[in-house]
Amino acid sequence: SAVISQKPSRDICQRGTSLTIQCQVDSQVTMMFWYRQQPGQSLTLIATANQGSEATYESGFVIDKFPISRPNLTFSTLTVSNMSPEDSSIYLCSVDQAFFGQGTRLTVV
Amino acid sequence: EDQVTQSPEALRLQEGESSSLNCSYTVSGLRGLFWYRQDPGKGPEFLFTLYSAGEEKEKERLKATLTKKESFLHITAPKPEDSATYLCAVQASDSWGKFQFGAGTQVVVTP
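Attention in this report is confined to the structure presented alongside it.

What counts as what
- Residues numbered from 1 in each chain as written.
- Chains lettered and ligands numbered in written order.
- Predicted model: local features only at pLDDT ≥ 70, side-chain atom pairs only at ≥ 80, totals over all residues.
- Heavy atoms only, no water.
- Helix = DSSP H or I, 4+ residues; strand = E, 2+ residues; numbered from the N terminus.
- Rg over C-alpha atoms; globule rule 2.2 N^0.38 Å.
- Buried < 20%, exposed > 50% of the residue type's maximum accessible area, 1.4 Å probe, protein only.
- Pairing = 2+ DSSP bridges.
- Core = buried A, V, L, I, M, F, W, Y, C linked by side-chain atoms within 4.5 Å.

Moving on: the overall build of chain B. Regarding its fold elements, chain B presents 0 helices and 11 strands. Going from N to C terminus, chain B has its helices and strands arranged as β-β-β-β-β-β-β-β-β-β-β. Whereas a compact globule of 111 residues would reach a radius of gyration of roughly 13 Å, chain B reaches 13 Å, a difference of no more than 12%. Here the C-alpha coordinates of chain B stretch approximately 45 × 30 × 20 Å along the principal axes. In chain B, buried positions account for 47% of the 111 residues.

This part is about the pairing of strand 7 (residues 62–66) of chain B. Residues and elements named next belong to chain B. In terms of residue burial, strand 7 counts as a mostly covered element, since 4 of its 5 residues are buried. In this structure, strand 6 (residues 56–59) lies alongside strand 7, joined through 4 bridges in antiparallel fashion. When the bridges of strand 7 are listed, Glu56 appears paired with Thr65. Two successive antiparallel strands, strand 6 and strand 7, enclose a turn made up of 2 residues, where Glu60 displays a positive phi of approximately 55 degrees. When strand 7 meets strand 8 (residues 70–75), the two strands line up antiparallel, connected through 5 bridges. Looking at the pairing, Leu62 lines up with Ile75 of strand 8.

Below, the discussion takes up the nonpolar core. Residues and elements named next belong to chain A. Of all hydrophobic cores here, the largest spans 26 residues; its most connected members are Trp34, Ile46, Phe66, Ile68, Leu78, Tyr91 and Leu106. Counting only elements with at least two residues in this core, the list comes to strand 3 (19–25), strand 4 (31–37), strand 5 (43–50), strand 8 (75–80), strand 9 (89–95) and strand 11 (104–108). No other element matches strand 3, which puts 4 residues into this core.

Residues and elements named next belong to chain A. The buried count for strand 9 comes to 7 of 7 residues, which makes it a mostly enclosed element. Residue alternation in strand 9 divides its side chains into two sets, Ser89, Tyr91, Cys93 and Val95 and Ile90, Leu92 and Ser94, and both sets are buried. One ladder, built from 6 bridges, connects strand 4 with strand 9; its direction is antiparallel. Considered in strand 9, the bridge of Phe33 is made with Ser94. Pairing between strand 9 and strand 11: 3 bridges, direction antiparallel. Pairing of Tyr91 across the sheet is with Thr104, part of strand 11. As paired elements, strand 9 and strand 10 (residues 99–100) share 2 bridges and run antiparallel to each other. Among the inter-strand pairings, Val95 is bridged to a residue of strand 10, identified as Phe99.

Any functional reading would require information beyond the geometric quantities listed.
Right, here's the structure in full:
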């Protein structure tokens, strides 16, 4: 099983600013996934991040709003850009789809 | 389009009162069906993967079964620590790595 560390665990941000979320895995993995979980709802896939290539975004999510980096096989970041209150959610990273980080609870005010 | 529907939305049980959660799905071809447990403020915790109709898996008081159209998560003699939201997700055979999650069933077990 993989151990996933996600930072920060929570943050309160001003609208118009950006937040970068980090995801560190204790083993090398090919694919990492970023999800959003809006209040009271289930998980929605934002994008898939492969090392050495551009992330693949799902319908409704764009790179300018959610830029992703994947510099190596154990680390990825997701940035939520130009935030608005509608971006208030829990953001989760996942590897192998079976293992999830603890999530980042983001509140935009 | 792939769809996953979980029922009921919420379930309140007395300790020891067994019950089942349902996950019905529509997918072009099933690569796998996954069950997770999610506690408040935490990420989903993997429970089971089922790959083919007729398959069953067990873990402590939980048992997952799969048919061609749905999966059941049976909770036998639940305890208060089984209180959580249970999520199911499907992975289609033509979309490796892409999961479709259901909305979840929130289970509360009272002493």
